[in-house]
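Commentary on secondary and tertiary structure
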Amino acid sequence: MRKSIIYILLLTLFGILILIRFFENELFYDPYLLFFKSDYLHMDSPRREILKLSLFTTLRYLLNSVISLGIIFIFFRDKSIVKFSVAVYTIAYVILMLFFLYFVINPKQEDYYLFFNFRRFLIQPMFLLLLLPAFYYYKLKN
């Protein structure tokens, strides 16, 4: 692909990630957005609908993952890296979602900080920040 097209695609995909973050309140049901912006260590867990929260968290993870996989593909143009990334995203989703559901169903104030960090990996494209430099380093070594 021509460099200008690559830059436009990357800019578009990163822009979509930014828009997802910017419009998170309007796009997704998540009572924890306001909860974690406040003094959550001294508050009770907010009321929530567990199924709805799980579905919207899954949707957000899926959107972030697909866009992130697109960015990884454009950066490296290597299907084996994308396949490995899909495996990482899938395994991470299962593990993180189990912890997420545990913390949602059993809210305890002493677990809020841990819950905040597990939730962060589900709703933000954190794996992209980890995988891009890792694959870049891998490509440099090979």
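Residues numbered from 1 in each chain as written. Predicted model: local features only at pLDDT ≥ 70, side-chain atom pairs only at ≥ 80, totals over all residues. Heavy atoms only, no water.

Things to note about a nonpolar patch on the surface
Definition in use: Without a salt bridge and with relative accessible area above 30%, a residue can belong to a patch; like charges are then joined within 9 Å and nonpolar side chains (Val, Leu, Ile, Met, Phe, Trp, Tyr) within 5 Å. For accessible areas, the Shrake-Rupley method is used with a probe of radius 1.4 Å. Any residue's cover is judged against the shown protein chains and nothing else. What makes a salt bridge here is a side-chain nitrogen of Lys or Arg within 4 Å of a carboxyl oxygen of Asp or Glu, nothing more. Secondary structure follows DSSP: runs of H or I at least 4 residues long count as helices, runs of E at least 2 residues long count as strands, and numbering of each begins at the N terminus. Think of it in three bands: with a 1.4 Å probe and only protein chains considered, a residue is buried below 20% of the maximum accessible area for its type, exposed above 50%, and partly exposed in between.
Residues Leu-19, Phe-22, Phe-23 and Leu-27 make up a contiguous nonpolar surface patch of about 410 Å² in total accessible area. With respect to the helices and strands, Phe-22 occurs in helix 1 (residues 3-22). The exposure class of Phe-22 is exposed, given its relative accessible area of 62%.

Topic: the packing of helix 5 (residues 79-105) against helix 6 (residues 112-123)
For clarity, the cut-off: Here an angle of 0 to 180 degrees is reported between the N-to-C directions of two axes, which are lines fitted to C-alpha atoms, with helices fitted over the stretch in contact. Under this scheme an angle from 65 to 115 degrees is roughly perpendicular, one under 35 degrees roughly parallel, and one over 145 degrees roughly antiparallel; angles in between are oblique. By convention the crossing between two helices is left-handed if the near helix lies anticlockwise of the far one by an angle smaller than a right angle, and right-handed if it lies clockwise. Contact criterion: two residues are considered in contact whenever any of their non-hydrogen atoms come within 4.5 Å of each other. Under the grouping applied here, Gly and all other residues not named as nonpolar or charged are polar, the nonpolar ones being Ala, Val, Leu, Ile, Met, Phe, Trp, Tyr, Cys and Pro and the charged ones Asp, Glu, Lys and Arg.
Following both chains from N to C, one finds helix 5 and helix 6 inclined at 140 degrees, their axes separated by 9 Å at the closest point. One way to sum up the angle between helix 5 and helix 6 is to call them oblique. Judged by the twist between their axes, the crossing of helix 5 over helix 6 is left-handed. Contacts between helix 5 and helix 6 involve Tyr-93, Leu-96, Met-97, Phe-99, Phe-100, Phe-103 and Val-104 from the first element and Leu-114, Phe-115, Phe-118, Arg-119, Phe-121 and Leu-122 from the second. When the residues that make up the contact of helix 5 with helix 6 are grouped by side-chain class, the tally is 12 nonpolar, no polar and one charged.

Structural notes on unusual backbone geometry
Within the chain, Arg-77 stands out as a residue other than glycine whose phi angle is a positive 45 degrees. Residue position: Arg-77 is located in the loop between helix 4 (50-76) and helix 5. Residue classification places Arg-77 among the partly exposed positions, given a relative accessible area of 46%.

Observations regarding the packing of aromatic side chains
Stated precisely, the cut-off is as follows: Between the rings of Phe, Tyr and Trp (Trp by its six-membered ring), a pair exists once the centres lie within 6.5 Å; its type follows the angle of the planes, with under 30 degrees stacked, over 60 edge-to-face, and the other angles tilted. Any Lys NZ or Arg CZ found within 6 Å of a ring centre and within 35 degrees of that ring's normal is scored as a charge over the ring.
Taken as a whole and assessed by the stated rule, the structure comprises 13 aromatic pairs. Grouping aromatic residues by their ring pairs yields a cluster made of Phe-99, Phe-100, Tyr-102, Phe-103, Phe-115 and Phe-118. Sitting over the face of the ring of Tyr-29, Lys-52 holds its NZ or CZ atom 4.7 Å from the ring centroid.

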